[in-house]
Amino acid sequence: MSEIRAKKIWRNGELIDWEQATVHVMAHALHYGSSWFEGIRCYKTARGSEVFRLPEHVNRLFDSCKIYRANIPFSKQEIIEAILQTIDANNLEQCYIRPLVFRGAGAIGVNPLPAPIESYIIVWEWGSYLGEDAMENGVDLCVSSWHRAAPNTFPSMAKAGGNYLNSALIKMEATLDGFAEGIALDSEGFVSEGSGENIFLVRGGRLYTSSLNSAILPGITRDSVITLARDAGYEVVEQKIPREMLYLADEVFVTGTAAEITPVRSIDRIVIGEGKRGPVTAVIQRRFFDYVEGKVDDRYGWMTPVRTKKLTIDD
Ligand code: PMP
């Protein structure tokens, strides 16, 4: 993985140097987890650099903040333009984009409402999340002993910093036990999601993925895969998934902005299907990468070009 660093960071409406983007220790978010963020990818395509599903990610950021009564002092359009401006300012052909909104310094009680809202956009170069080899050969997962939060505790539809303490427990347990990732069950024991990915399984030629009532983040890659799979003629079912359905699947893969489409070869040391990337996963992966790399037409309008054509002397 390349070093995480870039030149410029966008903060509250202006570009500042990477080193200047510091936060006061009294920030509410540091004490109480009151932050909301996105993970977005910009791909180098045949047409130039393009951001994948940018408006959908910005919508989800605003949704996350709405749930927690945090008003971002910028419009969605301003955030979209700021993201494009930040990529451009860092001169990156492809990158990972992290918009981050949090409650800053100004109030130290638990009540977050008096604390000011700080908005940042950070971009950096980031390759494959679970490893290059994983994309082809698949990864080994476990079912975590940690569950996702019950629906009346933490809202899973918000991509909130605090939720990632649960993700960190899942991820640490999995990696220390020698697995690439852990899959959490929901509070009823049905399959929820990984620490940073949604999960799909293939059985009898049909795709299954956990529904929104299993404490999942409504993944934008998940949504894209549902569309691309239906496009390819597969039936996709969103439902409560019993744990053992994972073991009995012909194929399993996980999806996420960071993980993209990563095949799974075993879960709890039980071999899934043939123990390697299955044929349906290969079709979905190919369709996904062809799409984001601009090898096919942008038929769903999912790609936003970074640079609007600049006027030159000759124009
Ligand atoms: N679930 C969790 C907990 C995540 O952190 C992520 C990554 N954002 C996902 C699912 C996948 O979401 P997306 O495809 O929008 O990146």
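(A) Broad picture of the packing of helix α6 (residues 220–231) against helix α8 (residues 279–292). Across the interface, α6 lies against α8 with an axial gap of 10 Å and an inter-helix angle of 110 degrees. Between α6 and α8, the angle falls in the class roughly perpendicular. Regarding α6 and α8, the two cross each other, and that crossing is right-handed. In this structure, α6 uses T221, V225, L228, A229 and D231 to contact α8, whose residues at the interface are I284, R287, F288 and Y291. Split by residue class, the contact of α6 with α8 holds 6 nonpolar, 1 polar and 2 charged.

(B) A look at the site of the ligand. Not every one of the 16 residues close to the ligand is listed here, only the nearest: Y164, E193, I220, T221 and T257. Residue K159 places a side-chain N or O atom 2.8 Å away from a nitrogen atom belonging to the ligand. Take E193: an N or O atom from its side chain is 2.6 Å from a nitrogen atom of the ligand. Here the ligand, which alone exposes 380 Å², has 95% of that area covered by the protein. Of all elements in the fold, only α6 and β14 (251–256) reach the threshold of two or more residues within the shell around the ligand. A per-class count over the shell around the ligand returns 3 nonpolar, 8 polar and 5 charged.

Reading the values: rules and limits
Residues numbered from 1 in each chain as written. Predicted model: local features only at pLDDT ≥ 70, side-chain atom pairs only at ≥ 80, totals over all residues. Heavy atoms only, no water. Axes fitted to C-alpha atoms, helices over the stretch in contact; angles between N-to-C directions. Helix = DSSP H or I, 4+ residues; strand = E, 2+ residues; numbered from the N terminus. Parallel < 35°, antiparallel > 145°, perpendicular 65-115°, else oblique. Left-handed = near helix turned anticlockwise from the far one by under 90°. Contact = heavy atoms within 4.5 Å. Nonpolar A, V, L, I, M, F, W, Y, C, P; charged D, E, K, R; others polar. Near = heavy atom within 4 Å. Polar contact = N/O pair within 3.5 Å; in protein donor to acceptor, adjacent residues only side chain to side chain. Areas by Shrake-Rupley, 256 points an atom, 1.4 Å probe, with all protein chains shown as cover.

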